[in-house]
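# A structural walkthrough
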Amino acid sequence: GTGKELPIRELSELVVKAVGFEGEVVFDASKPDGTPRKLIDVSKLHSLGWTHKVEIDEGVQKLFDWYKDSLKR
């Protein structure tokens, strides 16, 4: 993880962009969406000298590209 908080709506926007989805994503705010915060504490990793090299938007794109390539095999 990067230690940066990203709301589900923003994550879905990254996925939409990565996959080229042109439809509409609809959220139903009357339904629960899991834990209130989705944030991983990376302070221990940072204290050991590790830092992330890929930002979330690039990571989502790389994951989708990897998935597409794996289907071709």
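Residues numbered from 1 in each chain as written. Predicted model: local features only at pLDDT ≥ 70, side-chain atom pairs only at ≥ 80, totals over all residues. Heavy atoms only, no water.

### Focus on a nonpolar patch on the surface
There is a patch of nonpolar side chains on the surface, built from Ile-8, Leu-11, Val-15, Val-19, Phe-21, Val-25, Phe-27 and Ile-56 and spanning about 600 Å² of accessible area. In terms of residue count, the dominant contributor to the nonpolar patch is helix H1 (residues 8–19) (four residues). One can find Leu-11 in helix H1. Relative accessible area serves as the criterion here: at 32%, Leu-11 is assigned to the partly exposed category. (Patch = residues over 30% accessible without salt bridge, like charges linked within 9 Å, V, L, I, M, F, W, Y side chains within 5 Å. Areas by Shrake-Rupley, 256 points an atom, 1.4 Å probe, with all protein chains shown as cover. Salt bridge = Lys/Arg side-chain N within 4 Å of Asp/Glu carboxyl O. Helix = DSSP H or I, 4+ residues; strand = E, 2+ residues; numbered from the N terminus. Buried < 20%, exposed > 50% of the residue type's maximum accessible area, 1.4 Å probe, protein only.)

### Observations concerning the side chain of Thr-2
Along the chain, Thr-2 turns up in the segment before H1. A polar contact of 3.2 Å, which involves the side chain of Thr-2, links it to the backbone nitrogen of Lys-4. Setting aside chain neighbours within four positions, we find Thr-2 in contact with Val-42, His-52 and Val-54. (Polar contact = N/O pair within 3.5 Å; in protein donor to acceptor, adjacent residues only side chain to side chain. Contact = heavy atoms within 4.5 Å.)

### What about the pattern of salt bridges?
Within the structure shown, the criterion is met by five salt bridges. A salt bridge links Lys-68 to Asp-65; its shortest N-O distance comes to 3.8 Å. Separated by three residues within a single helix, Lys-68 and Asp-65 lie in helix H3 (residues 56–72), roughly one turn from each other. Residue classification places Lys-68 among the partly exposed residues on the basis of a relative accessible area of 38%. Judged by its relative accessible area of 28%, Asp-65 is partly exposed.

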